[in-house]
Amino acid sequence: MTFFTVIVTSFVIFLVLYGRYMNANGDISKRRIQLDNLRDQVEFRVKKLRQGTEQINKEIGEIAERLESLNQTYQMSMEEDNDS
């Protein structure tokens, strides 16, 4: 009878520990999936931010060139007015 009690108790302890292990394993897998999803979202947002930054820098460069051109035109017109 004692042997049977030890076997049943051992089996119950095994089931409890195995259940806790599987639960922890499931939580780890779930967290890993969440982490992968967050990583994908961050990478997507960073990519969009880089594209936006590149576009802004390109537009700033074009506007700076245009401003420089307008400044040169203004300087030339001021020199012509002073010569006259």
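Residues numbered from 1 in each chain as written. Predicted model: local features only at pLDDT ≥ 70, side-chain atom pairs only at ≥ 80, totals over all residues. Heavy atoms only, no water.

Chemist: Help me out: how do you make sense of the overall build of the protein in this one?
Modeler: Along the protein, the regular secondary structure elements total one helix and zero strands. For the protein, the C-alpha atoms occupy an extent of roughly 125 × 15 × 5 Å along the three principal directions. Across the 84 residues in the protein, those meeting the buried criterion constitute 0%. Accessible surface for the protein amounts to roughly 8200 Å². Of this, 60% is attributable to carbon and sulfur atoms. Between the centroid of the 11 positive side chains of the protein and the centroid of its 13 negative side chains there is a distance of 26 Å. (Helix = DSSP H or I, 4+ residues; strand = E, 2+ residues; numbered from the N terminus. Buried < 20%, exposed > 50% of the residue type's maximum accessible area, 1.4 Å probe, protein only. Areas by Shrake-Rupley, 256 points an atom, 1.4 Å probe, with all protein chains shown as cover. Lys, Arg positive; Asp, Glu negative; His and termini not counted. Charge placed at Lys NZ, Arg CZ, Asp CG, Glu CD.)

Chemist: Even after reading the chapter, I still don't get the environment of Leu 17, so can you show me in this structure?
Modeler: In this fold, Leu 17 is placed in helix H1 (residues 2-83). The exposure class assigned to Leu 17 is exposed, which follows from its relative accessible area of 54%. Taking the C-alpha atoms as reference points, Leu 17 and Ile 63, separated by 46 residues in sequence, lie 68 Å from one another.

Chemist: Would you explain a negative patch on the surface in this entry?
Modeler: On the surface, Glu 79, Glu 80, Asp 81 and Asp 83 cluster together to form a negatively charged patch. Tracing the backbone through its elements, the reader meets Glu 80 in helix H1. (Patch = residues over 30% accessible without salt bridge, like charges linked within 9 Å, V, L, I, M, F, W, Y side chains within 5 Å. Salt bridge = Lys/Arg side-chain N within 4 Å of Asp/Glu carboxyl O.)

Chemist: Got a minute to help me understand the packing of aromatic side chains in this structure?
Modeler: For any two aromatic rings, the description comes down to two numbers: the centre-to-centre distance and the angle of the planes. Counting across every chain of the model gives one aromatic pair. Each ring, one from Phe 14 and one from Tyr 18, has its centre 5.9 Å from the other, and the planes form 15°; the classification is stacked. Separated by four residues within a single helix, Phe 14 and Tyr 18 lie in helix H1, roughly one turn from each other. The class for Tyr 18 is partly exposed, based on a relative accessible area of 44%. (Phe/Tyr/Trp six-rings, centres within 6.5 Å; stacked < 30°, edge-to-face > 60°.)

Chemist: What should I look at first to understand the environment of Arg 50 in this one?
Modeler: Mapping Arg 50 onto the fold places it in helix H1. Each C-alpha atom of the pair Arg 50 and Arg 32 lies 27 Å from the other, and the pair is 18 residues apart in sequence.

Chemist: What should I look at first to understand the pattern of salt bridges in this one?
Modeler: Pairing of side chains with opposite charge becomes possible as their charged atoms draw close. Evaluated as defined, the whole model comprises one salt bridge. Here Asp 36 makes a salt bridge to Arg 39, at a shortest N to O gap of 2.9 Å. With a gap of three residues between them, Asp 36 and Arg 39 both fall in helix H1, about one helical turn apart.

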